[in-house]
Amino acid sequence: MPFVTASTQRGPYDVIIVGSGAGGGQAAYTLCMEGARVLMLEAGRRYTPATESPMFQTPDMAPLGGADTPDKNKGFYDATIGGWDVPGQPYVSVPDQWGGYFTWWRARMLGGRTNHWGRISLRNGPYDFKPRSRDGLGLDWPIGYDDVAPYYDKVELLIGVYGGDTSLENTPAGPGDTLLPPPKPIVSDHLLMKRAPRLGIPVLPGRRAVLTRAQDHRTIPGKLHPGNPRAQKVLAEAMKKRSPCLWATPCGRGCAVAANYQSTTVHIPPALATGNLDIITDAMVYEVSMGKNGRANGVRFVDATTGRHEHVTGRVVVLGASAYESARILLNSKSGQYPNGLANSSGLVGRYILDTVGSSVSAQIPLLESLPPLNDDAADGLQVYVPWWLYKENLSHKLPFPRGYHIEYGGGKQMPSVGTFAGLEWLTGGSYGRQFKEDARRYYGSFVYFAGRGAMVPNDNSYVEIDPKVKDRFGIPVLRIHWQWGDYEQRQAVHMQQTFGALTEAMGGRVTSPIVTDPVKAVSPGGYMIHEVGGTVMGADARSSVTNRWSQTWDVPNLFVADGGVFPYNADKNPTLTIMALAWRMSDHILDRMRRREI
Amino acid sequence: MTDRRTTIKLIMAAAAAMPALRARANYRDSLEPGASSPGELRQFEPTMQGYGPDPDLIKAYEKGAFWPLTLSAEQRRLAAALCDLIIPADEHSSSASAVGVVDFIDEWISAPYPQQLEDRGTVLSGFTWIDGDARHRFEQPFAKLTEAQQRAICDRVCDISRAPADLQQPARFFATYRNLTAAGFYTTQAGRKDLQYIGNVALTHFDGPPVELLKKLGLA
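The shown structure was predicted, so the numbers you read here are calculated from the model rather than taken from an experiment. (Residues numbered from 1 in each chain as written. Chains lettered and ligands numbered in written order. Predicted model: local features only at pLDDT ≥ 70, side-chain atom pairs only at ≥ 80, totals over all residues.)

Draft legend 1. Inspection of the overall build of chain B at higher detail. Scanning chain B for helices and strands turns up eight helices and one strand. Traced from its N-terminal end to its C-terminal end, chain B shows the element sequence α-β-α-α-α-α-α-α-α. Contacts spanning at least 24 positions in sequence make up 58% of the contacts within chain B whose residues lie at least 6 apart. (Helix = DSSP H or I, 4+ residues; strand = E, 2+ residues; numbered from the N terminus. Contact = placed C-beta atoms within 7 Å.)

In structure tokens form, the structure reads like this:
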């Protein structure tokens, strides 16, 4: 019975993990496969993708045609339980100087946000770990690409990532056999591939955690767990249970056949199969408890179903609750000995928070009108993408911003949704009747979108702290989030807009709304990209960071952070793959230190 | 023409439509007066009449499964007439009302969420205007007019950029109603078939578009 409660738990545990998403899931996987006994705590409910993923449901089966609502912020069929607002779990957001707010997406379910994420899996490159050394801004990581590369290889082999090798600057791939073949491009992809190079913009195969073919369960387990036949056997069995992609239905609904990565289908099942993992769901952790020896001895949580306060113990505590939630737990772990919260002797818990710069444009392309019937489902998007291509211009200050962005791109005859034929007057002249039906056929599938995802330089105006007044329904003090984009991010967003305008023109199209050149308006509000990281950043010493190169807090040797909190810099690369690589690396370090009885 | 009295009625109808269903889904500032927090407290108040944050995603729902439909029989006749003027039957597919779009729109404007409440105001006041205009010009409710008469009314409001200044609000209504009709129709099996949509089926491999098509488009 791996799902337990505070009263049926089977301690003692080697490691308590708070959170079950990318970081917590990866840590549980690595630790359990190597024999550690782990208790995982998840704030939300148990969730089972095999029976709960609405894979082939059509919009007419859902209320309101599946439209976004305050209950389901990204549409009825989005896998997330949670969203921008979680009932009874508020946070305070302080407006920036232009009146913008940071909004915070939270999932309350086993597997967390990995159940709905975009599965885009880009590696940080060498520059991305040493940005300050390169241009003098922000913070360097205390580790470099070479430290993390072996773990990118491992994670890609474990979860399954499609993509193409590339020799482009700062856009690395593994040693050759870690990526699955990319899906075939659809017509709109071919158009971008043909026209973007005319502007000097490269187009590469996308990289997403989707199985474009079955994983090689004969060779991968041996590569990932050398000398550990039991782990190899468990992993081989788990891999056999995953189906390759069905080339249909959006990944964000969750995948009942485990063809993409989500913690609940890829990390947690093999961890459970080892017999070393117990899980308590509905466990809202609010504090790391400390022993008299200056070491953590467990965590306290509120059982969301009974309201009771519980305490569980273990040798090591790993926080993987999501970047800001982990910072909240540390800041709320106040005591006489730690008046500013735990692991906060630097005063930097909650500082250096980062998100991804987002800006997008959609366009209508006459060449794509009235195409014959096509199945454009492919692997649910990002068959191709544009990596950042102006590194030299960054370095020579030819651009008004120092760091890059990549472009996510999509199009095709997607399953019609409630918004597909809204607002077409600018094309149809307001047609209705038979003409409207003709127009719908003509324009269906002729739209594309460009979404920029850009790097952010940390700034002093963006941080989280504990609100002095407001508490959530469990009585736990909530976060107060301060957010401000810097000039660099705003200018970068304008560059995105202008690039999208140029690409649209090169593709013979027209944008559906004007290119935004006002820097304040070009960038999406903080939080919209759901890429928040930082707050427990890793660094070279205890004065300038919260965690060290092993994601271990400087102040408490048996307390670690497995989520995006440790990122001192958020490159344009989507953070999830790096979170997993770092969590695996951290877990190896924990195992090593536990074997040496140091923790 | 919309005379001043009709305009006032329109505004009043929009205002009257809102309070009954408001406050089911609202963002509330629950800071006490004088609280020190300078920010906006974002806190979601769960809706009692919506489907909640964790609905069953597997089952198929009938329209009105979560909240009652609210259009009267007379309003539904008008709704159907307008749906079918926008999406009539043709040689490819049926009309909008034949595949349940009136129920879709009724469910939409009866929903307790902010966007739908706003659309409710727009649609109900638009219904008042369009029936008023029909009676004023043709002495019949809109649903009983000939197609030519219906077009005579709708041609003036079908494109907001060309609608006269005094018909901007009815033009916004028409745009909203066309969006809703298209949303309802093209999310049904009939609508997907009309568009020759062939996705959402499990495949063993994905081949991409035919080379001949790429060649024809100059993309091979």
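This is not the end of the story, as more comes after the structure.
Draft legend 2. Up close: the overall build of chain A. Helix and strand counts for chain A come out as 17 helices and 20 strands. For chain A, whose C-alpha radius of gyration is 23 Å, the value lies close to the compact-globule estimate of 25 Å for 599 residues. Principal-axis analysis of the C-alpha atoms gives chain A an extent of 75 × 50 × 45 Å. When burial is assessed residue by residue, chain A has 60% of its 599 residues classed as buried. For chain A, contacts bridging at least 24 residues in sequence account for 73% of all contacts bridging at least 6. (Rg over C-alpha atoms; globule rule 2.2 N^0.38 Å. Buried ≥ 20, exposed ≤ 12 C-beta atoms within 10 Å, placed from the backbone.)

Draft legend 3. Structural view of the packing of helix 4 (residues 114–138) of chain B against helix 6 (residues 168–186) of chain B. Residue and element names in this part refer to chain B. Where helix 4 meets helix 6, the closest approach of the two axes is 9 Å, and the angle between their N-to-C directions is 115°. You can see that helix 4 and helix 6 cross each other, and the crossing is left-handed. Judged by residue contacts, Asp119, Thr122, Val123, Ser125, Gly126 and Trp129 of helix 4 engage Pro170, Arg172, Phe173, Thr176 and Tyr177 from helix 6. Across the contact of helix 4 with helix 6, the residue classes tally to five nonpolar, four polar and two charged. (Axes fitted to C-alpha atoms, helices over the stretch in contact; angles between N-to-C directions. Left-handed = near helix turned anticlockwise from the far one by under 90°. Nonpolar A, V, L, I, M, F, W, Y, C, P; charged D, E, K, R; others polar.)

Draft legend 4. Broad picture of the sheet that holds strand 13 (residues 357–364) of chain A. Residues and elements named next belong to chain A. A sheet is described by the order of its strands in space; here six strands give the open sequence 8-14-15-16-13-19, paired in antiparallel fashion. Each of the sheet's edge strands pairs with one partner strand only, and the pair in question is strand 8 (204–205) and strand 19 (510–511). Two strands pair when backbone bridges link them, and strand 14 (residues 384–386) and strand 15 (residues 405–411) are joined in this way by two bridges, in the antiparallel orientation. Bridge pairing links Tyr385 to Glu408 in strand 15. Seen against the sheet, helix 6 (residues 187–195) touches strand 14, strand 15 and strand 16 (447–454) and runs at an angle of roughly 35° to strand 14. Docked against the sheet, helix 15 (residues 487–506) engages strand 13, strand 15, strand 16 and strand 19, running at close to 20° with respect to strand 13. (Pairing = 2+ DSSP bridges.)

Draft legend 5. Main features of the nonpolar core. Among the nonpolar cores identified, the biggest contains 168 residues, and Val15, Ile16, Val18, Ala28, Val38, Leu41 and Val318 of chain A are the most heavily contacted of them. With nine residues, helix 17 (residues 576–595) of chain A is the largest single contributor of residues to this core. Residues within four places of Val15 of chain A in sequence aside, it is in contact with Leu31, Ala36, Val38, Gly314, Arg315, Val316, Val318 and Ile590 of chain A. In terms of nonpolar packing, the next biggest core, distinct from the first, is built from 64 residues, Ala62 and Leu424 of chain A together with Trp67 and Tyr177 of chain B among them. (Core = buried A, V, L, I, M, F, W, Y, C linked by C-beta atoms within 7 Å.)

Draft legend 6. Expanded view of the sheet that holds strand 1 (residues 40–42) of chain B. The four strands lie next to each other as 17(A)-18(A)-4(A)-1(B), forming an open sheet whose pairing is mixed. Looking along the sheet, the strands with just one partner apiece sit at the ends: strand 17 (463–471) of chain A together with strand 1 of chain B. Strand-to-strand twist in this sheet, taken as the mean axis angle between neighbours without regard to direction, amounts to 35°. Sheet analysis places strand 17 of chain A next to strand 18 (residues 477–482) of chain A, joined by five bridges and oriented antiparallel. Each residue of the ladder has a partner; that of Ile466 of chain A, found in strand 18 of chain A, is Leu479 of chain A.

Draft legend 7. Structural view of helix 14 (residues 434–443) of chain A. All names here are of chain A. For helix 14, the complete set of buried residues consists of Phe436, Lys437, Ala440 and Tyr443. In a view along the axis of helix 14, the buried residues occupy a sector of 140°, so they form one face of it. Looking one or two places after helix 14, you find Gly445, whose phi comes out positive at around 85°. (Arc of directions from axis to C-beta.)

Draft legend 8. Inspection of helix 5 (residues 147–154) of chain B at higher detail. Buried residues of helix 5 of chain B: Gln150, Ile153 and Cys154 of chain B, and no others. The buried side chains of helix 5 of chain B occupy one side of the element, clustering within an arc of 90° when seen end-on.

Draft legend 9. The interface of chain A and chain B, seen in detail. In this complex, chain A contributes 70 residues to the contact, which on the side of chain B involves 70 residues. Where the side of chain A that touches chain B is concerned, the elements lending two or more residues are strand 4 (91–94), helix 6, helix 14 and strand 17 of chain A. With five residues, the single largest contributor to the side of chain A that touches chain B is helix 14 of chain A. Along the lines of polarity and charge, the residues of the side of chain A that touches chain B split into 42 nonpolar, 12 polar and 16 charged. Note: strand 4 of chain A against strand 1 of chain B, three bridges, orientation antiparallel. By the bridge assignment, Val92 of chain A is partnered in strand 1 of chain B with Leu41 of chain B.

Draft legend 10. The confidence of the model for chain B, seen in detail. Residues and elements named next belong to chain B. In the predicted model, chain B carries a mean pLDDT of 85, and the fraction of residues at 70 or more is 80%. The low-confidence segment residues 1–36, where pLDDT is below 50, has 50 contacts with residues more than four positions distant or belonging to other chains. Overall fold confidence (pTM) sits at 0.94, and the ipTM for the predicted complex is 0.95. (pLDDT = per-residue confidence, 0-100.)

Draft legend 11. Spotlight on the pairing of strand 18 of chain A. All names here are of chain A. Most of strand 18 sits out of view: five of its six residues are buried. Of the strand pairs in this sheet, strand 4 and strand 18 are connected by three bridges, and their pairing is parallel. Residue pairing across strands places Val94 opposite His482, the latter belonging to strand 18. Linking strand 17 back to strand 18 in an antiparallel pair, the connection comprises five residues, with Gly475 at a positive phi of about 85°.

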